[in-house]
Each structure stands twice: as C-alpha cells, then as structure tokens.
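Summary of the model geometry
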Amino acid sequence: QVQLVESGGGLVQAGGSLRLSCAASGSIFTINDMGWYRQAPGKQREMVAHITSGGIVNYVDSVKGRFTIFRDNTKNTVSLQMNSLKPEDTAVYYCNANVLAGAGPYYYDYWGQGTQVTVSS
C-alpha cells in the first residue's frame, strides 16, 4: 500500500507565495513521474506541474514563470513552490505519483487527499 500526504495549503493574498509538499510512503520500490494537479469549483482537474524521475519538468502555461516543481528521490517527496499567486490559482491541489510498489510488476498512479489553496484579491 502506498500513501501520499500533502501539506502546505492555505489562504494567501494575491501576489503572495505558498509551498506545497507531498511525501510518499509505504511499500515503494521506485517512483516514476510525479506531479501536481488542481481542481477549481465547477472545473475539471488539470495538470499544473509534472516532473520525471530524471528531473524533466513541464508546466501548464498559466503557471509558467511563477511555479516551480522539484523532488527529492531519496525521500520520495515532491514539492511545488508557488509565487506571484493569483485569485485564479484558487483550487484544491492534488499530488500524484506513478509508483512501482512492493513486488511489482506494474506502475500505478496514486493520489493525495488534496489541499486547499485560496488566493484572495
């Protein structure tokens, strides 16, 4: 069993910063890709930032230049540094990891419980 636990959400004014963190634990053999997704009320979940095991990153256009994703493979963590936050960044943010667990042999996607980020204008 694999668990993803997020932390770091909250309320911030526009222009402020927050850092989200996610720690994976359990019967993990190795983790492939990791990422952050978000879902605003009435909208579909969207990929915000994605990072491969080798450190290649990808961002949705709306956060490029403001958000940075990074990971620590030794600790099985992924973080999202969010700067210059805007009201439209308000959403529930979810951590995702593609994990080879236990004896394998397949990778599966796991999700955190979500953390609320609210940006006031």
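Note: the structure precedes this text.
Throughout what follows, the structure given in this document is the object of discussion. Since this is a predicted model, take the numbers as computed values, not measurements. (Residues numbered from 1 in each chain as written. Predicted model: local features only at pLDDT ≥ 70, side-chain atom pairs only at ≥ 80, totals over all residues. Heavy atoms only, no water.)

Some thoughts on the environment of tyrosine 106
- Tracing the sequence through the fold places tyrosine 106 in the loop between β9 (91-101) and β10 (107-111).
- Placed 102 residues apart in sequence, tyrosine 106 and leucine 4 show a C-alpha to C-alpha distance of 18 Å.
- Among all residues touching tyrosine 106, those that are not within four sequence positions of it are Val99, Leu100 and Ala101. (Helix = DSSP H or I, 4+ residues; strand = E, 2+ residues; numbered from the N terminus. Contact = heavy atoms within 4.5 Å.)

Observations regarding the environment of alanine 49
- Here alanine 49 is to be found in strand β5 (residues 46-51).
- Linking alanine 49 and lysine 64, residues 15 residues apart in sequence, is a C-alpha distance of 9.1 Å.

Describing the nonpolar core
- Counting 32 residues, the largest nonpolar core has Trp36, Phe67, Ile69, Val78, Leu80, Met82 and Tyr93 as the members making the most contacts within it.
- Apart from the residues lying within four places of it in its own chain, the contact partners of phenylalanine 67 are Arg38, Val48, Tyr59, Leu80, Gln81, Met82, Asn83, Leu85, Asp89 and Tyr93. (Core = buried A, V, L, I, M, F, W, Y, C linked by side-chain atoms within 4.5 Å. Buried < 20%, exposed > 50% of the residue type's maximum accessible area, 1.4 Å probe, protein only.)

Considerations on the sheet that holds strand β7 (residues 67-72)
- Overall, antiparallel pairing links the 4 strands, which are arranged β1-β3-β8-β7 in an open sheet. Looking at which strands have only one partner, the edges of the open sheet turn out to be β1 (2-7) and β7. Adjacent strand axes in the sheet meet at a mean angle of 15°, parallel and antiparallel pairs treated alike.
- The pairing of β1 with strand β3 (residues 18-26) spans 6 bridges and is classified as antiparallel. (Pairing = 2+ DSSP bridges. Axes fitted to C-alpha atoms, helices over the stretch in contact; angles between N-to-C directions.)

Examining the packing of aromatic side chains
- All told, the structure shown has 1 aromatic pair when counted by the stated rule.
- Here the aromatic rings of tyrosine 37 and tryptophan 111 are separated by 5.0 Å at their centres, their planes lie at 65°, and the arrangement is edge-to-face. Residue tyrosine 37 is found in strand β4 (residues 28-39), and its partner tryptophan 111 is found in strand β10; the two are separated by 74 residues along the sequence.
- Residue classification places tryptophan 111 among the partly exposed positions, given a relative accessible area of 38%.
- The residue whose ring lies beneath arginine 45 is tyrosine 94, and the NZ or CZ to ring-centre distance is 3.8 Å.
- If you follow arginine 45 out to its NZ or CZ, it ends over the ring of tryptophan 111, 4.8 Å from the centre. (Phe/Tyr/Trp six-rings, centres within 6.5 Å; stacked < 30°, edge-to-face > 60°. Lys NZ or Arg CZ within 6 Å of the ring centre and 35° of its normal.)

Details of the environment of threonine 74
- Mapped onto the elements of the fold, threonine 74 is located in the loop between β7 and β8 (77-82).
- Spatially, the C-alpha atoms of threonine 74 and valine 12 are 31 Å apart, while their sequence positions differ by 62 residues.
- Here the side chain of threonine 74 touches aspartate 72 through a polar contact of 2.4 Å, side chain to side chain. (Polar contact = N/O pair within 3.5 Å; in protein donor to acceptor, adjacent residues only side chain to side chain.)

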